[in-house]
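Report on the structure
Below are the chains, spelled out letter by letter.
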Amino acid sequence: MSDKAPISFLDLPRQQARLGAPLRARIDTVLEHCKFVMGPEVAELESRLCAYSGAQHAVSVSSGTDALLMVLMAEEIGPGDAVFLPAFTYTATAEVVLLLGATPVFVDVDPRSFQIDPASLRDRLASIRAQGELEPRVIIGVDLFGQPAPWAQLRDIAEAEDVLLMADCAQAFGASLDGQKLGREALATTLSFFPSKPLGAYGDGGAILTDDAERAALYRSLRTHGEGRTRYEVLRIGLNGRLDTLQAAILLAKLDVFEDELKRRDAIASRYDAALSGLVQTPYRIAHSESAWAIYSILLPDAATRDALQASLGDAGIPSVVYYPRPLHEQPAYAEHHDETVSLPVSEELGARILALPLHPELTDPEIDRVIGAVQAFFSQADAKPVTQEQGA
Ligand SMILES: *Cc1c(COP(=O)(O)O)cnc(C)c1O
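Residues numbered from 1 in each chain as written. Predicted model: local features only at pLDDT ≥ 70, side-chain atom pairs only at ≥ 80, totals over all residues. Heavy atoms only, no water.

As recorded by an unreviewed UniProt entry, the protein carries the name Pleiotropic regulatory protein and is attributed to Asaia krungthepensis NRIC 0535. The UniProt entry for the protein carries the following text under Sequence similarities (unreviewed entry): "Belongs to the DegT/DnrJ/EryC1 family." (UniProt positions renumbered as here; feature names shortened; annotations may be inferred.)

As structure tokens, this is what we get:
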């Protein structure tokens, strides 16, 4: 391999090669028993997810998006209800709210951590209450990029406001806060097993974690068309929202190496931090937490520098991605659901300056050196501006 061979942003062929025989054995077992829907691997995965996260119940589902949808359906969220969520997240967090006829209320994020900003959340709650048209029902905290949202503050606000708190942990399964794996921070926690997430399947998948037995039973019913005690007792409107047995089998093989992968991700992040912290704003480390490093995003001083760095990395065969170029409230699909007199300045500015570098367990040490070398080479040009202290703060 030449030292200019393109580096992958997500390297599934190498991942498959590393997982090797145990992965194939898991798949073969499913091909032998042919229980492709709700086969034994589904229940096995659910108990492994409980053991891993400490949650009492895990309900595997068809995707992270369906997980969010089912949690909201279980609370009968609908027209007239307000659901508060960060403007700087993936569209799935917000689209499920509109699918149910409820109204998403976009909240700004913290300029250092990029996580939902509790002060903005309080403001948005107060103004929705003052307007008196919508009933605040739910807050969705998002563990963005692999790091935990400010859960202690979110719990205080949810309790004071008497609204339900749920966790969109699609990007952060495997992360921990105060020495505990994420999964019990809110009434319900949703996971995604999309292939690029820290614990990724080879197709779509997701799960809901909860300590509440009644809700777990409700999620199980919702994921199978609202069924009751028998398949043909229909208690409520549900979905076809099950996780395929094959995906459960693949996830079981991947769970066996998940902790090692998280350690590798963390080691790569530390190397990037050490080499790049004088040049760019490296990710802010949230106190008492360990990131799952779904995404390693740096901040540049301005859009021109970000765009020039991205082009220069591209020339060196190094992929980089902008998560997210536009906050949700400025997207065509959501603009009409947002009060345009409300600005969310941090979310509106981040998209121009942010850039994610490749970070996954398959990256080799020479590839990490190449990424670091390419960023350093960019800043050694006379006209490239490194980030300043106040921009970093
Ligand atoms: C990926 C993602 C989802 C949706 O997960 P899918 O499994 O792709 O449906 C939801 N929220 C966030 C924050 C995500 O990153």
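Further notes follow.
A word on empty space enclosed by the protein. Summed over the entire model, instances satisfying the criterion amount to one cavity of 30 Å³ or more. Each pocket or cavity is described by its volume, and for the largest cavity that value is around 90 Å³. Contributing to the lining of the largest cavity are 13 residues, with S113, F114, F145, Q147 and P283 lying nearest its centre. Here the residues of the lining of the largest cavity are counted per class, giving eight nonpolar, four polar and one charged. Shared between two domains, the lining of the largest cavity takes at least three residues from each, and those domains are domain 1 (12-255) and domain 2 (258-392). (1 Å grid on protein atoms, 1.4 Å probe; cavity = no way out; pocket = protein on both sides within 12 Å on 5 of 7 lines; lining within 4 Å. Points joined across faces, edges and corners; volume = space filled by probe spheres on them. Nonpolar A, V, L, I, M, F, W, Y, C, P; charged D, E, K, R; others polar. Domains from an automatic or database assignment.)

Turning next to the packing of aromatic side chains. For the coordinates displayed, the defined rule picks out 13 aromatic pairs. Centre to centre, the rings of Y52 and F258 are 5.6 Å apart; their planes meet at 45 degrees, and the pair counts as tilted. One end of the pair, Y52, is in helix α2 (residues 40-53); the other, F258, is in helix α9 (residues 258-276), with 206 residues separating them in the sequence. Both residues of the pair, Y52 and F258, count as buried. For the pair F173 and F258, a centre-to-centre distance of 6.0 Å together with 15 degrees between the ring planes defines the contact as stacked. Taken as a pair, F173 in the loop between β5 (164-168) and β6 (176-177) and F258 in helix α9 lie far apart in primary sequence, 85 residues in all. (Phe/Tyr/Trp six-rings, centres within 6.5 Å; stacked < 30°, edge-to-face > 60°. Helix = DSSP H or I, 4+ residues; strand = E, 2+ residues; numbered from the N terminus. Buried < 20%, exposed > 50% of the residue type's maximum accessible area, 1.4 Å probe, protein only.)

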